[in-house]
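Residue-level structural notes
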Amino acid sequence: MSRNPPSSPVDDNAFLLEYRCHPVRPEPPSPTRRHSSTTVPDATSLLAMGSPPMAEPRRIVLSTDSPAALKVGTQQLIPKSLAVSTRTKHNPSRHQSSASSREPLSPDPKRASIPSLSLEAEEEEDGGGTLKRNLRNMSYRAAMKEPGPTNAVSSLKPVSEESSALPAHSPGRSKRAFGRKRVQKRGGSFKDQPRLYQEIRERGLNSVSHESDEDLLEESIPEEPSPAGAAIVVQSYRPAQVTWSQLPEVLEAGILQRISPEERKRQEAMFEIITSEYSYMHSLSVLVNHFMRSEELKETMTQTEHHHLFSNISDILTISTRFFEDLEKRHQEHLLIPDISDIVEEHASNHFSPYISYCSNEVYQQRTLQRLLATNPLFKETLKQIERKPECGGLPMISFLILPMQRVTRLPLLLDTVCQKTKACTAAYGAATRALKAISKLVKNCNEGARAMERTEQMYTLQKQLEFGKKKPFPLISASRWLLKRGELYLLLSEEAGIFRRGAGRLCYLFSFNDVLIITKKKSEESYAVLNYATLDQVTVEKLENMDPPSPPPGKPGSGGTARSAAGGFLLRVVMEKDSEGRREEIVLSAETLSDRARWITALMHREKEKPDTTPKGDLSQVEITQPYLAKQADEISLQQADVVLVLGGEDGWCWGERLRDGERGWFPQACARQITSRTAVECNVRRMERLRIETDV
């Protein structure tokens, strides 16, 4: 800020600036000095005039019209005595009368040269001993508005000359960055107002490199409507609150001018792991403190159910806290972060084993939650009351329970982003690659643990429910066998003589495993009578179109189902070359929907579907998941927001696809995905998938 010279007529005792607006009335002509209606007298002449007559209101000179402001040209100078003495009180009537009696002012070329800074762009917190800038401009603008009551204006506060100087502008500061700087000044740190992990979306999950960090910061994430009946509803997904380049200490140190754009992107990638870990830790603390430790909720279930529901989530919170503390310590010690790969590798290799136990418990967790919601009204009502708490963000408990699975599967993608931003053939790149392999190995163990536990428990349950009767039994439990799909279909007819002629037109219940098909009649929810079975290598399937089979005979009470007309059904023919008795059997089944028929065909053709696809993956359609989806049937796949999926097929609003990060396949609703139309994005995703699977052996 420019200072007045010693000879300036404005000093600490010049005049009192009242913080209210009065009209500037023209002075009568003087024989010695004339003033136009727009000429502003200086401070000396104003003091010489004395007090105005009672009939005329006292003339007030706004600071923007003062000789000091006009002399400086671009800055305004307020004596300290004025800032100390003036105190504005709320008096709407005074403002109203002042505004109603105003007269139009002629434009002054000198005043036109004085720029008016944007209040929104430069607003700062009014701390002790500081002065809010532009309050005088705001008062001036309020006086120029239409007549009416105005809000009280904050009083001026004393300020030292050193603190009144405007801060130097950063060389890289641009006009469109004002909004982000304003947010940063109010927040100051990503820890000030932590967001729930469900509400953020890490930029490192995207494989497409943006042209600049400014584009990345300005990128908006559209809000997606939640599909009807969705188990997890999140209003919108937002990027992290503050980036590394927006930190005040980074801006003050001038680091951005000393590093390359590539190094800046690397710093952003590492800093995002730190900030997202803090959001993740915050959500875990909400789960532990408000759900797991709730005495009201604990009283609605048994101790076993409570253990199945929350498992070792307290251990997960503990290791997440230690992980974040180590990351934060590295960041506090070095403003320009040298590396965090060694911290990630250390924790992934030696401290993250509780993740494997938690993921392995997922099958019991989901089943326990579904049973409690369906059969325990007290649990359901108590849970709703907890979910309504502001700390929970209006999110259901299931969105908190699946967080460890989400976080552990996102870490490899975030580490891969660090690898991409690190210069190859350097020590930092080698460390990042080792950390990526360590975290990918953890993810692989988590997936295998969850899959093995689910399959073993499922086979053990089905072994007790299947009744082979006169059919030759075989051991169902096997480490290499798992269920692909189960459900009801209508058996319409059999072209060959056999046991199915007696049950034509009846409901049958099919179990399709990865190596065998079992056809049963459902006796109860926990009992199924085996009618026939065949290994999948002896089974062929095809869909039938425009076929009009004979109407099935009417059903009989107690026969395990009701007869149904073939009209409106979607047919498929299943041929078993060798059934349980070594005979050839051909049957026609009817599904209720097109998607159900397509899903059964996919399950029965599992062996052919698993063969390597010769179609280049870059030619396949890709979708990005916009809403999390939790699998409800064996042939479905659970997906997280921002997952990328290769679409291998689809029917009637459902897609059959391969999850890009690990190759897992399954069905998912088309409504929770958005097609990726950019060819650049598609090719980058394929290259990233191939690199990850080679480097991490996932």
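Every chain's residues receive numbers from 1 upward, in the order its sequence appears when written. Totals for whole chains, interfaces and linings use every residue, but because this is a predicted model, local features are given only for residues with pLDDT of at least 70 and side-chain atom pairs only at 80 or more, for both listing and counting. As a rule here, side-chain values cover all heavy atoms of the structure and leave hydrogens and water aside.

1. Quick look at the overall build of the protein
- A helix here means a DSSP run of H or I that spans at least four residues, while a strand means a run of E at least two residues long, and both kinds are numbered starting from the N terminus. Summing up its helical and strand segments, the protein has 24 helices and 13 strands in all.
- Sorting the 698 residues of the protein into buried and exposed places 46% on the buried side.
- Expressed as a percentage of contacts within the protein between residues at least 6 apart in sequence, the contacts between residues at least 24 apart total 72%.
- If you sum the accessible surface of the protein, you get close to 35700 Å²; carbon and sulfur atoms cover 51% of it. Each residue is placed in one exposure class: buried if its accessible area under a 1.4 Å probe, protein chains only, is under 20% of its type's maximum, exposed if it is over 50%, and partly exposed if it falls in between. When checking whether two residues touch, look at their non-hydrogen atoms; a contact exists if any pair is within 4.5 Å. Values of accessible area rely on a 1.4 Å probe in the Shrake-Rupley scheme; residue burial ignores everything except the protein chains shown.

2. Remarks on the packing of aromatic side chains
- Here a pair means two rings of Phe, Tyr or Trp (six-membered ring of Trp) with centres within 6.5 Å. Their orientation is stacked below 30 degrees between planes, edge-to-face above 60, and tilted elsewhere. On inspection of all chains with the given rule, the structure shows 13 aromatic pairs.
- When the centroid spacing of 5.5 Å and the interplanar angle of 75° are considered together, the rings of Phe-468 and Phe-474 count as edge-to-face.
- Given the relative accessible area of 17%, Phe-474 is considered buried.
- Ring geometry for Phe-468 and Tyr-533: centres 6.1 Å apart, planes at 85°, overall edge-to-face. Linking Phe-468 in the loop between strand E1 (466-467) and strand E2 (483-494) with Tyr-533 in strand E5 (residues 527-535), this pair joins segments that are 65 residues apart in sequence. Each member of the pair Phe-468 and Tyr-533 is classed as buried.
- A connected cluster of aromatic rings, assembled from ring pairs, spans Phe-323, Phe-352 and Tyr-355.
- A cation sits over an aromatic face here: Arg-455 above Trp-482, 3.8 Å from the ring centre.
- A cation sits over an aromatic face here: Arg-599 above Trp-654, 4.6 Å from the ring centre. Lysine and arginine charges are scored as sitting over a ring when NZ or CZ, respectively, is within 6 Å of the ring centre and within 35 degrees of the ring normal.

3. Examining the side chain of Glu-387
- Checked against the element boundaries, Glu-387 lands in helix H18 (residues 377-387).
- Counted as positive: Lys and Arg. Counted as negative: Asp and Glu. His and the chain ends are not counted at all. Put simply, a salt bridge is a Lys or Arg side-chain nitrogen that is within 4 Å of an Asp or Glu carboxyl oxygen. Here Glu-387 occupies a buried position and makes no salt bridge, while the nearest side chain of opposite charge, Arg-388, is found at 7.6 Å.
- Dropping the residues within four chain positions of it, Glu-387 is found in contact with Phe-291, Cys-392, Gly-394, Leu-395, Pro-396 and Met-397.

4. Quick word on the side chain of Ser-320
- Tracing the sequence through the fold places Ser-320 in helix H14 (residues 313-333).
- Those residues in contact with Ser-320 that sit more than four places away from it in its chain are Glu-277, Tyr-280, Met-281 and Leu-284.

5. Things to note about the sheet that holds strand E9 (residues 621-625)
- We treat two strands as partners when DSSP finds at least two bridges between them. In space, the five strands of this open sheet follow the order E12-E11-E10-E9-E13, with antiparallel pairing throughout. Looking at strand neighbours, the two that pair on one side only are strand E12 (665-669) and strand E13 (673-675), the edges of this open sheet. Taken pair by pair, the neighbouring strands of this sheet meet at an average axis angle of 45°, ignoring direction.
- One ladder, built from three bridges, connects E9 with E13; its direction is antiparallel. Paired with Ile-625 across the two strands is Ala-673, which belongs to E13. To obtain an axis, a line is fitted to C-alpha atoms, over the contacting stretch when the element is a helix, and the angle between two such axes runs from 0 to 180 degrees between their N-to-C directions.

6. Things to note about helix H22 (residues 594-604)
- Extensive coverage of H22 is indicated by the burial of 10 of its 11 residues.
- Listing the buried residues of H22 in full gives Ser-595, Asp-596, Arg-597, Ala-598, Arg-599, Trp-600, Ile-601, Thr-602, Ala-603 and Leu-604.

7. Considerations on the packing of H14 against helix H15 (residues 341-350)
- Closest axis-to-axis distance for the H14/H15 pair is 10 Å, and the angle between their directions is 165°. Here H15 runs roughly antiparallel to H14, going by the angle between their axes. Crossing angle aside, the handedness with which H14 passes H15 is right-handed. Judged by residue contacts, Arg-322, Phe-323, Asp-326, Leu-327 and Arg-330 of H14 engage Asp-342, Ile-343, Val-344 and His-347 from H15. In this scheme, roughly parallel covers angles under 35 degrees and roughly antiparallel covers those over 145, while 65 to 115 is roughly perpendicular and the rest are oblique. For any helix crossing, the convention is left-handed if the near helix is rotated counterclockwise from the far helix by under a right angle, and right-handed if that rotation is clockwise.

8. Description of the pairing of strand E10 (residues 644-651)
- Relative to E10, E9 is paired through four bridges, and the arrangement is antiparallel. Looking at E10, one finds that Ser-621 is bridged to Val-647.
- Summarising the sheet, E10 and strand E11 (residues 654-659) pair through six bridges and their orientation is antiparallel. Directly across from Gly-649, in E11, lies its bridge partner Trp-656.
- Here E10 folds back onto E11, and the loop between the two strands holds two residues, one of which, Asp-652, carries a positive phi near 55°.

9. Quick notes on the environment of Thr-426
- Looking at the secondary structure, you find Thr-426 in the loop between helix H20 (403-421) and helix H21 (427-465).
- When its relative accessible area of 30% is taken as the criterion, Thr-426 is described as partly exposed.

10. Quick look at the nonpolar core
- Judged by nonpolar contacts, the single largest core of 68 residues is most densely connected at Phe-310 and Met-397.
- The element contributing the most residues to this core is helix H11 (residues 261-292), with 13 residues.
- Setting aside its immediate chain neighbours within four residues, Met-397 contacts Leu-287, Phe-291, Leu-309, Phe-310, Leu-369, Phe-379, Leu-383 and Glu-387.
- Membership of the second largest hydrophobic core comes to 19 residues, among which are Leu-510, Val-539, Leu-572 and Leu-589. We define a nonpolar core as any set of buried Ala, Val, Leu, Ile, Met, Phe, Trp, Tyr and Cys residues linked to one another through side-chain atoms lying within 4.5 Å.

11. A look at the pattern of salt bridges
- The full count for this structure, using the stated rule, is 25 salt bridges.
- Taking the shortest distance from any N to any O, the salt bridge between Asp-635 and Arg-599 comes out at 2.8 Å. Highlighted residues: Asp-635 in the loop between E9 and E10 and Arg-599 in helix H22, separated in sequence by 36 residues. The same class applies to Asp-635 as to Arg-599, namely buried.
- It is possible to trace a salt-bridge network through shared partners that takes in Lys-485, Asp-596, Arg-599, Asp-635 and Glu-636.

12. So, the confidence of the model for the protein
- Per residue, pLDDT measures the predictor's confidence, with a range of 0 to 100. Taken residue by residue, the protein gives an average pLDDT of 73. The fraction at 70 or more is 61%.
- Throughout residues 1-53 the model reports pLDDT below 50, and contacts reaching past four residues in sequence, or to other chains, amount to 77 contacts.
- Note that residues 207-240 has pLDDT below 50 and, in this model, 78 contacts with residues that lie over four places away or in other chains.

13. Details of unusual backbone geometry
- Phi angles above zero are rare outside glycine, and Ser-311 is one such case at about 50°.
- With respect to the helices, strands and loops of the structure, Ser-311 is situated in the loop between helix H13 (303-310) and H14.
- A positive phi angle is found at Cys-425, which is not glycine, with a value near 60°.
- Of note, Cys-425 is situated in the loop between H20 and H21.

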